[in-house]
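Below are the chains, spelled out letter by letter.
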Amino acid sequence: MASRTKRTLWQFLATVAGCIMALAHGITLGWFSPTLALFLSDESPFGKPLTVNQVSMASSVVPLGALLSNLFIGWPLDFFGRKIIMYTAAVPNLINWILLYFGDHVAFLFVARFLVGFSAGIMLVVIPIFIAEIADPEVRGTMTSMLILNMCGGISLGLILGSYIPYNVFPFVAGAVPILYVLLIFPLPDTPTFLLKRGRDEKAMKSFYFYKNLGSKSSSDLTREAAAEAEFNTFRENVLGGDVAQNASCRDFFSKTALKAFGLISVVLLCNSFSGAFAILNYVAKIFFELGSRIPPNTCGNVVGVFQLLGIFCAVLLVDRLGRRWLLIPTFVVAGLGELTVGLLKSFASKDFLRENSWLGLTLICFVEYMVSLGVIPLTFVVIVELLPVKILSIGASISMAALNILLIVVLAVYPLMISGLGVGSVMYMSAGVCFFGAIVLGMFLPETKGKQIIQ
């Protein structure tokens, strides 16, 4: 156990450094909610109160920015490397805070929020790939899941700090986080996989030794040196043994392995978007109003947010112990049963019963959010990097994240209309159906990728 901890030490520290960017993005997202009251008031920093349409636009440009960066980041990621692209993820986030500090017109807010999404689109592609390429298979799932844990933790931190730190001071506090991220990743080498693919064998060996904590090549322990060199040579053969070093062609995206990977990833993305994982947190006030809850909406939202964090934290602890299938499939089933129960409660319970038992709806929603946070929310990124063939990993991950952003845009547009038109009960039945669909399809076709080498 001690030797495993020593071996993965730099992998863990590099992952923590990379995930600070997710923390920065979460803070930016969380800050927006408590600051809305200021934007809608006569003291708005943009000269006059924002309208409802302007607030809606400020929210909707975030996923649009993410979608744009998703669509183009794949090729630069393979050409310039992981490290260079990791730097670029921090720049739009930092410019966002500069614009908000100096901006005196609502257009500054729109551009700033677009840049927030643009930054996130880069980060959510490059950081999982970076982690997958430096981490040992035994800890890869844990380290990849830390990305979403940091993002959700950042959202909670942004909600809290945004409520107490003045508007003109907050950019200095939040802007320091992406700067810290850049400083911490600066000494890290690029991934050995990328360096080998670009023909930089000597740098790849140094990177491999660094992340595996094998010591320098000139180690005085000849036995250890020989074992380390043999391990690197095996790794090098695995990376370059096929045609991985060649540029990906259209044919590579339509191979049997690639098509199966994209099919399974599509199911995971669909379930991530429509299982209720995203919608519950965004429309929690409306859902609890429909359930007749007398508990203040903000209180309900905070409690549900705590259970989301708890679920993701448990996923970080369990993903490399139980495996991907044993987290995804059972959590889909249990979350679906929870949503089915909420739907039945709304359809058949009386209004008096719902008002007198407000805790019941809150408990069920917290239970559902915990289960999807234990499964599909963090494991989406794990599944993407572990299923895709390494030759098309960068572009494939970029395509996958673009698809996820499109689905989330659809969810943001459709869910409030469905809740208003069909009611919470019908929406919960649909979400439960998506969960059961995911459990069946993934139960039949998803391979266990726990401990799997990503070199294919």
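What counts, and where the lines are drawn
Residues numbered from 1 in each chain as written. Predicted model: local features only at pLDDT ≥ 70, side-chain atom pairs only at ≥ 80, totals over all residues. Heavy atoms only, no water. Helix = DSSP H or I, 4+ residues; strand = E, 2+ residues; numbered from the N terminus. Buried < 20%, exposed > 50% of the residue type's maximum accessible area, 1.4 Å probe, protein only. Areas by Shrake-Rupley, 256 points an atom, 1.4 Å probe, with all protein chains shown as cover. Lys, Arg positive; Asp, Glu negative; His and termini not counted. Charge placed at Lys NZ, Arg CZ, Asp CG, Glu CD. Polar contact = N/O pair within 3.5 Å; in protein donor to acceptor, adjacent residues only side chain to side chain. Core = buried A, V, L, I, M, F, W, Y, C linked by side-chain atoms within 4.5 Å. Domains from an automatic or database assignment. Patch = residues over 30% accessible without salt bridge, like charges linked within 9 Å, V, L, I, M, F, W, Y side chains within 5 Å. Salt bridge = Lys/Arg side-chain N within 4 Å of Asp/Glu carboxyl O. Axes fitted to C-alpha atoms, helices over the stretch in contact; angles between N-to-C directions. Parallel < 35°, antiparallel > 145°, perpendicular 65-115°, else oblique. Left-handed = near helix turned anticlockwise from the far one by under 90°. Contact = heavy atoms within 4.5 Å. Nonpolar A, V, L, I, M, F, W, Y, C, P; charged D, E, K, R; others polar. pLDDT = per-residue confidence, 0-100. Phe/Tyr/Trp six-rings, centres within 6.5 Å; stacked < 30°, edge-to-face > 60°. Lys NZ or Arg CZ within 6 Å of the ring centre and 35° of its normal.

Brief notes about the overall build of the protein chain
Assigned secondary structure in the protein chain consists of 22 helices and 0 strands. In terms of overall dimensions, the protein chain has a C-alpha envelope of 75 × 55 × 45 Å along the principal axes. Per-residue burial over the protein chain gives 54% buried out of 456 residues. Looking at the protein chain as shown, the accessible area adds up to about 19,500 Å², and 69% of this sits on carbon and sulfur atoms. When the 31 positive and 25 negative side-chain charges of the protein chain are each reduced to one mean point, those points stand 3 Å apart.

Let's talk about the side chain of Glu-386
As for its placement among the helices and strands, Glu-386 is situated in helix α20 (residues 376-387). Using a relative accessible area of 0% as the deciding quantity, one classes Glu-386 as buried. In this structure the side chain of Glu-386 is engaged in a polar contact, spanning 2.6 Å, whose partner is the side chain of Arg-324.

What to know about the nonpolar core
Nonpolar side chains in soluble globular proteins tend to end up buried together. Tyr-181, Leu-388 and Leu-442 are the most contacted members of the largest nonpolar core, which has 128 residues in total. If you tally residues by element for this core, the top one is helix α6 (residues 106-134), at 17 residues. When residues of this core are assigned to domains, at least three map to each of domain 1 (1-188) and domain 3 (252-455). Counting 12 residues, the second-largest nonpolar core is a separate cluster that includes Phe-208, Tyr-209, Leu-214 and Ala-228.

Description of the domain arrangement of the protein chain
For the protein chain, the assigned domains read domain 1 (1-188), domain 2 (192-238) and domain 3 (252-455). When each unit is reduced to the centre of its C-alpha atoms, the spacing between domain 2 and domain 3 is 40 Å.

A closer look at a nonpolar patch on the surface
The grouping of Val-306, Phe-307, Leu-310, Phe-313, Leu-317, Leu-318, Leu-322 and Trp-326 at the surface amounts to a nonpolar patch, some 750 Å² of accessible area in total. Examining the composition of the nonpolar patch, we find that 7 residues originate from one element, helix α16 (residues 297-322), more than from any other. Structurally, Leu-322 can be placed in helix α16.

Notes on the pattern of salt bridges
Applying the stated criterion across every chain yields a total of 11 salt bridges. Between Arg-82 and Asp-78 there is a salt bridge, and its shortest N-O distance comes to 3.2 Å. Summarising the burial analysis for this pair, Arg-82 and Asp-78 share the class buried. In this structure, Glu-386 engages Arg-324 in a salt bridge whose closest nitrogen and oxygen atoms are separated by 2.6 Å. A residue pair is termed long-range when its members are at least 10 positions apart, and Glu-386 in helix α20 and Arg-324 in the loop between α16 and α17 (325-348) qualify at 62 residues. Classification of Arg-324 by relative accessible area gives buried; the value is 1%. Where salt bridges share partners, they join Arg-7, Asp-136, Lys-212 and Glu-231 into one cluster.

Overview of α20
Judged by how many residues are buried, α20 sits mostly within the fold: 12 of 12 residues are covered. The set of residues buried in α20 consists of Val-376, Ile-377, Pro-378, Leu-379, Thr-380, Phe-381, Val-382, Val-383, Ile-384, Val-385, Glu-386 and Leu-387.

Quick look at the packing of helix α13 (residues 256-274) against helix α21 (residues 393-422)
At a minimum axis distance of 9 Å, the contact between α13 and α21 shows a crossing angle of 30°. On the basis of the axis angle, α13 is roughly parallel to α21. The chirality of how α13 crosses α21 is right-handed. Contacts between α13 and α21 involve Phe-262, Ile-265, Leu-269, Leu-270, Asn-272, Ser-273 and Phe-274 from the former and Gly-396, Ser-400, Ala-403, Leu-404, Leu-407, Leu-408, Val-410, Val-411 and Tyr-415 from the latter. Tallied by class, the residues present in the contact of α13 with α21 amount to 12 nonpolar, 4 polar and no charged.

What to know about the confidence of the model for the protein chain
Per-residue pLDDT for the protein chain averages 89, and the proportion of residues at 70 or more is 95%. Confidence, expressed as mean pLDDT per element, reaches its minimum in the protein chain at helix α14 (residues 279-282) with 72 and its maximum at helix α8 (residues 170-185) with 97.

Description of the packing of aromatic side chains
Across all of its chains, the model carries 21 aromatic pairs by this definition. Look at Phe-79 and Phe-80: their rings are 4.9 Å apart centre to centre, the planes differ by 85°, and that puts the pair in the edge-to-face class. By relative accessible area, which is 38% here, Phe-79 ends up partly exposed. An aromatic cluster is built from Trp-31, Phe-32, Phe-39, Phe-46, Trp-97, Tyr-167 and Phe-170, whose rings are joined through pairwise contacts. The ring centre of Phe-32 lies 4.2 Å from the NZ or CZ of Arg-113, which sits over that ring.

Structural notes on the packing of α17 against helix α19 (residues 358-374)
Two elements in contact, α17 and α19, have axes separated by 8 Å at closest approach and are oriented at 160°. One element, α17, and the other, α19, form an angle in the roughly antiparallel class. Two packed elements cross with a definite hand, and for α17 against α19 that hand is left-handed. Contact residues: Leu-327, Thr-331, Val-334, Ala-335, Gly-338, Glu-339, Thr-341, Val-342 and Leu-345 in α17; Leu-360, Gly-361, Leu-364, Ile-365, Phe-367, Val-368, Met-371, Val-372 and Leu-374 in α19. Considering only residue class, the contact of α17 with α19 consists of 13 nonpolar, 4 polar and 1 charged.

Some thoughts on the environment of Leu-442
Relative to the elements of secondary structure, Leu-442 occurs in helix α22 (residues 424-445). Classification of Leu-442 as buried rests on a relative accessible area of 0%. The spatial distance from the C-alpha of Leu-442 to the C-alpha of Val-268 is 8.2 Å, given a sequence separation of 174 residues. For Leu-442, the residues in contact, after removing those within four places along its chain, are Leu-264, Val-267, Val-268, Arg-325, Leu-328, Ile-329 and Phe-332.

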